[in-house]
Amino acid sequence: MAGSTRVSTQRFDPGPLPSLPSSYERRPRRFEHIDAQTWESWHWQHQNRLRRPEHFEDVLELSAGEREAFQKSAQRFRVAVTPHYAALMSGSNPGCGVRQQGLPQPGELRNYDFELEDPLAEEAHMPVPGITHRYPDRVLFYVSHHCPVYCRHCTRKRKVSDPTTAAARDQLAQGLEYIRTTPTARDVVVSGGDPLTLSDERLGEVLRALRAIDHVEVIRLGTRNPVTLPQRITPELCEILREVRPVYVHTHFNHPDELSQESARALRMLLDAGCVLGNQMVLLRGVNDRPETVMELNRQLLRLGCRPYYMLQCDMAQGISHFRTPLQTGLTIMKHLRGRIGGMGVPHFVVDLPGGGGKVELVPDHIVSTRESPWGQVVAFSNSEGERFEFVDVDPTRLERDDER
Ligand SMILES: *Cc1c(COP(=O)(O)O)cnc(C)c1O
Ligand code: SF4
């Protein structure tokens, strides 16, 4: 665990980083001949994404289920995995957390009557195309519908990866105009798809335009590139982010196996550019639904300067029900974390309510019983180790009366 390795590229030296496996060193046979510099190019990573079963043949051993799902589900929701992300997958274990997020699963083919195409009613709250305005102060601004890796658990499957829904240039302009003329829009979440699939130029235009709007106090960038394509975090991109700083970057790590030397460097570069880093994890059955897994992920993230922000309950979107956990699983994880890791490592456990109800937070109940006393209720709590403690919840009016006597 201890010790550190130095990664240096020609253009940026992030200094010492915690030691983590490097995807380059773990690269599959398919990419044996690739040199380190080529591996570092995000254009190369993007162009060499694995999309078809034969691409995966000399990377891992496809299980019968994965093979079948590939044939049947790829048309519904595209398959794409960057060489970097593929290198983090286990070759032999289909239960690998990284693999389950990147490779089609048989569960995607099943449908249930409770599932919804647009579970968060994001389309219904669209004042203009590309903007969801559900909370008074916050707007969600979709600037791209593409991603380097198409996550099998994506809640926006209905439009992500669909070329017909690409955010065109005039749609970006329309979105910016809406934000400009909506003074309550104080907090803008730049999202997608993945906003980092835009070119530096286009993204720079959007971010500078937002920064120039007086009432926009907070700019957030929701991106999974630090996980799936960390090479996209270049000195040039960081220069743009530094110019409009601070940008709150919300990334999306779900499993400790997704942490790599390349991701560590990307996060360091974002920190150096004045970004504030937060992680939005999605709770996924069989991937990260054990308390120890979340604990390990959150410890590693804190070490890299990225604070766990949300642990999200899996939505009611179509084709992802095999990933869903009972609400109780999340509550059990929260109870485990509290007391075992500093408060900065404890995320908010939230459920995004269907139909546009918004996010609500679920908190484990620590109160086991209450009884009356002359001063107010005596509340019995159980702590994270299950021990019992009593707390007197004083009724102030009873105290005052007592003082006057
Ligand atoms: C989640 C979400 C936000 C941001 O919410 P926070 O709880 O402030 O992170 C904004 N708009 C929409 C539509 C959302 O779903
Ligand atoms: S990066 Fe985000 S938007 Fe893109 S496929 Fe994954 S979860 Fe969906």
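Everything numeric in this text was worked out from a predicted model, so none of it was measured.

A short note on the site of ligand 1
Turning to step 1, where the next piece is worked out: Neighbouring ligand 1 are the residues T132, R134, Y135, R138, L140, R220, Y309, Y310, D352 and K359.
Turning to step 2, where the next piece is worked out: Within the side chain of R220, a nitrogen or oxygen atom sits 2.8 Å from an oxygen atom of ligand 1.
Turning to step 3, where the next piece is worked out: Here an oxygen atom of ligand 1 and a side-chain polar atom of Y309 are 2.7 Å apart.
Turning to step 4, where the next piece is worked out: A total of 380 Å² of accessible area belongs to ligand 1 in isolation, and the protein chains cover 89% of it.

Re unusual backbone geometry
Turning to step 1, where the next piece is worked out: With omega at 0°, the peptide bond leading from R245 into P246 counts as cis.
Turning to step 2, where the next piece is worked out: In this fold, P246 is placed in the loop between α10 (235–243) and β7 (247–251).

Section: the domain arrangement of the protein chain
Reports of interface size often rely on the accessible area that becomes lost once the parts have come together.
Turning to step 1, where the next piece is worked out: Along its sequence, the protein chain is organised into domain 1 (29–109), domain 2 (131–361) and domain 3 (367–404).
Turning to step 2, where the next piece is worked out: Of note, the centres of domain 1 and domain 2, computed from C-alpha atoms alone, are 22 Å apart.
Turning to step 3, where the next piece is worked out: Counting from both sides, the interface comprises 28 residues of domain 1 and, opposite them, 36 residues of domain 2.
Turning to step 4, where the next piece is worked out: When domain 1 packs against domain 2, the two sides together hide about 2,600 Å² of surface, and 56% of this comes from carbon and sulfur.

Comments concerning the pattern of salt bridges
Turning to step 1, where the next piece is worked out: Evaluation of the coordinates by the stated rule reveals 23 salt bridges.
Turning to step 2, where the next piece is worked out: Across the pair R208 and E243 runs a salt bridge, and its minimum N-O distance is 2.7 Å. In this pair, R208 is assigned in helix α8 (residues 200–211) and E243 in helix α10, connecting sequence segments 35 residues apart.
Turning to step 3, where the next piece is worked out: For R208, a relative accessible area of 37% gives the class partly exposed.
Turning to step 4, where the next piece is worked out: Several salt bridges converge on common partners, so that one network encompasses R134, D352 and K359.

What about the layout of surface pockets?
Turning to step 1, where the next piece is worked out: Space inside the largest pocket adds up to approximately 990 Å³.
Turning to step 2, where the next piece is worked out: Along the wall of the largest pocket there are 40 residues; nearest its centre are T155, R156, S191, Q280 and L312.
Turning to step 3, where the next piece is worked out: Contributions of two or more residues to the lining of the largest pocket are made by β4 (138–142), β5 (187–191), β6 (218–222), β7, β8 (276–282) and β9 (306–312).
Turning to step 4, where the next piece is worked out: Residue composition of the lining of the largest pocket, by class: 17 nonpolar, 13 polar and 10 charged.

Description of the packing of aromatic side chains
One pair of aromatic rings is described through two measures. These are the centre distance and the angle between the planes.
Turning to step 1, where the next piece is worked out: The full count for this structure, using the stated rule, is 9 aromatic pairs.
Turning to step 2, where the next piece is worked out: Residues Y112 and F114 carry aromatic rings whose centres are separated by 5.7 Å and whose planes lie at 15° to one another, so their mutual orientation is stacked.
Turning to step 3, where the next piece is worked out: Here the aromatic residues Y24, F31, W39 and W44 are joined through ring pairs into a cluster of three or more.
Turning to step 4, where the next piece is worked out: Positioned over the ring face of Y24 is R27, at 4.0 Å from the centre of the ring.
Turning to step 5, where the next piece is worked out: Taking the ring centre of W42 as reference, the NZ or CZ of R232 above it sits at 4.4 Å.

Let's talk about the state of the cysteines
Turning to step 1, where the next piece is worked out: Counted according to the given criterion, the structure contains 0 disulfides.
Turning to step 2, where the next piece is worked out: For the unlinked cysteine C275, the closest cysteine sulfur is that of C238, found at 6.8 Å.

So, the sheet that holds β4
What links the strands of a sheet is backbone hydrogen bonding, and the strands pair in either a parallel or an antiparallel sense.
Turning to step 1, where the next piece is worked out: Strand order across the open sheet formed by 9 strands is β3-β4-β5-β6-β7-β8-β9-β10-β11, with mixed pairing between neighbours. A strand with exactly one partner marks an edge of an open sheet, and here the two such strands are β3 (131–132) and β11 (358–361).
Turning to step 2, where the next piece is worked out: Summarising the sheet, β7 and β8 pair through 4 bridges and their orientation is parallel. From the neighbouring strand, H250 faces β8, where its bridge partner is G278.

Remarks on the sheet that holds strand β12 (residues 367–373)
Turning to step 1, where the next piece is worked out: Read across the sheet, 3 strands follow the order β12-β13-β14 without closing on themselves; strand pairing throughout is antiparallel. Whereas interior strands pair on both sides, the edge strands pair on one side only; in this sheet they are β12 and β14 (388–394). For this sheet the average axis-to-axis angle between neighbouring strands, irrespective of direction, equals 25°.

As for helix α4 (residues 64–73)
Turning to step 1, where the next piece is worked out: Those residues of α4 not exposed but buried are E66, A69, F70 and S73. What you see down the axis of α4 is that its buried residues fit within an arc of 105°, all on one side. Exposed residues pointing more than 90 degrees away from the buried face of α4 are listed as A64 and Q71.
Turning to step 2, where the next piece is worked out: Contacts made by the buried residues of α4 are with α3 (53–56) and α6 (97–102).

Structural notes on helix α13 (residues 327–337)
Turning to step 1, where the next piece is worked out: By the burial criterion, the buried members of α13 are T329, G330, L331, I333, M334, H336 and L337.
Turning to step 2, where the next piece is worked out: In this structure, the buried residues of α13 make contact with α12 (291–303), β9 and β10 (348–353).
Turning to step 3, where the next piece is worked out: Looking at the residues trailing α13, positive phi occurs at G339, about 100°.

Let's talk about the pairing of strand β13 (residues 376–382)
Turning to step 1, where the next piece is worked out: Among the 7 residues in β13, 5 count as buried, and that is most of the element.
Turning to step 2, where the next piece is worked out: Relative to β13, β12 runs antiparallel, the two being bridged by 6 bridges. Looking at β13, one finds that T370 is bridged to V379.
Turning to step 3, where the next piece is worked out: When β13 meets β14, the two strands line up antiparallel, connected through 7 bridges. Bridge pairing in β14 links F381 to F389.
Turning to step 4, where the next piece is worked out: In sequence, β13 turns back onto β14 through a hairpin of 5 residues, with G386 there showing a positive phi of about 85°.

Criteria and cut-off values
- Residues numbered from 1 in each chain as written.
- Chains lettered and ligands numbered in written order.
- Predicted model: local features only at pLDDT ≥ 70, side-chain atom pairs only at ≥ 80, totals over all residues.
- Heavy atoms only, no water.
- Near = heavy atom within 4 Å.
- Polar contact = N/O pair within 3.5 Å; in protein donor to acceptor, adjacent residues only side chain to side chain.
- Areas by Shrake-Rupley, 256 points an atom, 1.4 Å probe, with all protein chains shown as cover.
- Helix = DSSP H or I, 4+ residues; strand = E, 2+ residues; numbered from the N terminus.
- Domains from an automatic or database assignment.
- Contact = heavy atoms within 4.5 Å.
- Buried area = accessible area lost by both parts, 1.4 Å probe.
- Salt bridge = Lys/Arg side-chain N within 4 Å of Asp/Glu carboxyl O.
- Buried < 20%, exposed > 50% of the residue type's maximum accessible area, 1.4 Å probe, protein only.
- 1 Å grid on protein atoms, 1.4 Å probe; cavity = no way out; pocket = protein on both sides within 12 Å on 5 of 7 lines; lining within 4 Å.
- Points joined across faces, edges and corners; volume = space filled by probe spheres on them.
- Nonpolar A, V, L, I, M, F, W, Y, C, P; charged D, E, K, R; others polar.
- Phe/Tyr/Trp six-rings, centres within 6.5 Å; stacked < 30°, edge-to-face > 60°.
- Lys NZ or Arg CZ within 6 Å of the ring centre and 35° of its normal.
- Disulfide = S-S within 2.5 Å.
- Pairing = 2+ DSSP bridges.
- Axes fitted to C-alpha atoms, helices over the stretch in contact; angles between N-to-C directions.
- Arc of directions from axis to C-beta.

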